[in-house]
Amino acid sequence: MRKVLNFVNDNKKIIIVVILIIILVGTIYFLNKGNKSKPTSGSSVTEQSETEVKLTAILSSIEGVGATNVMINESKEEITGVIIVCEGANSIIVRNDILNAVSTALNVEKNIIVIYSMNI
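Here the residue numbers are simple positions, counted from 1 along each chain's written sequence. The model is predicted, so local features are restricted to residues of pLDDT at least 70 and side-chain atom pairs to those at 80 or more, both for listing and for counting; the totals for chains, interfaces and linings are taken over all residues. Side-chain descriptors were evaluated using all non-hydrogen atoms of the structure, hydrogens and water having been removed beforehand.

**Student:** Can you break down the sheet that holds strand β3 (residues 113-117) residue by residue, with the values?
**Tutor:** Two strands qualify as a pair provided that DSSP identifies no fewer than 2 bridges between them. The numbering of helices and of strands both runs from the N terminus, where a helix is a DSSP run of H or I of at least 4 residues and a strand a run of E of at least 2. Taken together, the 3 strands give an open sheet; going across it, the order is β1-β2-β3, and neighbouring strands pair in mixed fashion. One side of each edge strand has no neighbouring strand; the edge strands of this open sheet are β1 (68-75) and β3. Mean inter-strand twist for the sheet, computed between neighbouring axes without regard to direction, equals 15 degrees. Here 5 bridges tie strand β2 (residues 78-86) to β3, and the two strands are oriented parallel to one another. Across the sheet, isoleucine 83 pairs through a bridge with valine 114, a residue of β3. Across the face of the sheet, helix α3 (residues 50-60) comes into contact with β1 and β2 while running at roughly 145 degrees to β1. Helix axes use the C-alpha atoms of the stretch in contact, all axes being lines fitted to C-alpha atoms, and the angles between their N-to-C directions lie in the range 0 to 180 degrees. Whether two residues are in contact is decided by their heavy atoms: any pair within 4.5 Å suffices.

Structure (structure tokens):
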């Protein structure tokens, strides 16, 4: 026991540095592990949900719609807004078709859906 105490007294600075390194590595590990397990609210800008991908495909196949981008906003498992940006949004007929399709596909009120014309 005396040898251990003498070793500790002789190498206090080294032992403190080693302990601090171990604590730092452990903290970094747990912080990174925590970030991976939490779902991100915004995700990535380029990521789309399965529903957004399906809706984009459906809308793009409607005559006159053209290229389409879709964003669905949700809060507590409820859709709070839908944004559609497409090439054909200048036509009132196309806008009406999009409004009806999105409202029906997502079972949402038309007043939470907004449609914008895409810059070409």
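**Student:** For the side chain of serine 103, give the residues involved together with the corresponding values.
**Tutor:** Along the chain, serine 103 turns up in helix α4 (residues 92-106). Engagement of the side chain of serine 103 in a polar contact is seen with the backbone oxygen of valine 108, the distance being 2.8 Å. Apart from residues lying up to four places away in sequence, serine 103 is in contact with Val108, Lys110 and Ile113. Residues adjacent in sequence count toward polar contacts only when both atoms are side-chain atoms; beyond that, a polar contact is any pair of N or O atoms within 3.5 Å, and within protein one must be able to donate a hydrogen and the other to accept it.

**Student:** Give me the lowdown on the confidence of the model for the chain, citing residues and values where you can.
**Tutor:** Residue-level confidence of the predictor, termed pLDDT, takes values from 0 up to 100. For the chain, per-residue confidence averages 85 on the pLDDT scale, and residues scoring 70 or more make up 89% of the total. Taken element by element, the chain is modelled with least confidence in helix α2 (residues 12-37), mean pLDDT 77, and with most confidence in β3, mean pLDDT 96.

**Student:** Describe the nonpolar core, naming the residues involved and giving the relevant values.
**Tutor:** Within the largest apolar cluster, 17 residues are counted, with the highest numbers of intra-cluster contacts made by Leu55, Leu59, Ile84, Ile98 and Val102. Those elements giving two or more residues to this core turn out to be α3, β1, β2, α4 and β3. Considering every element that reaches this core, the biggest residue donor is α4, with 5 residues. Nonpolar core, defined: a set of buried Ala, Val, Leu, Ile, Met, Phe, Trp, Tyr and Cys residues in which side-chain atoms within 4.5 Å join the residues together. Throughout, exposure labels follow a simple rule: accessible area from a 1.4 Å probe, protein chains only, divided by the maximum for the residue type, with under 20% read as buried, over 50% as exposed, and the rest as partly exposed.

**Student:** So what about unusual backbone geometry? Which residues, and what values?
**Tutor:** In this structure, glutamate 77 is a non-glycine residue whose phi angle is positive, near 65 degrees. When you line up the elements, glutamate 77 lands in the loop between β1 and β2. The backbone of asparagine 107 shows a phi angle near 55 degrees, a positive value even though the residue is not glycine. When you line up the elements, asparagine 107 lands in the loop between α4 and β3. A relative accessible area of 71% means that asparagine 107 is categorised as exposed.

**Student:** Which residues make up α4, and what values do they have?
**Tutor:** Residue count minus one, scaled by 1.5 Å, sets the expected span of a helix. Over its 15 residues, α4 runs 21 Å from end to end, which matches the ideal 21 Å to within 8%, given 1.5 Å per residue. Those residues of α4 lying buried are Val94, Ile98, Ala101, Val102, Ser103 and Leu106. Looking at the buried positions of α4, the neighbouring elements they touch are α3, β1, β2 and β3. Asparagine 107, located one to two residues past α4, shows a positive phi value of around 55 degrees.

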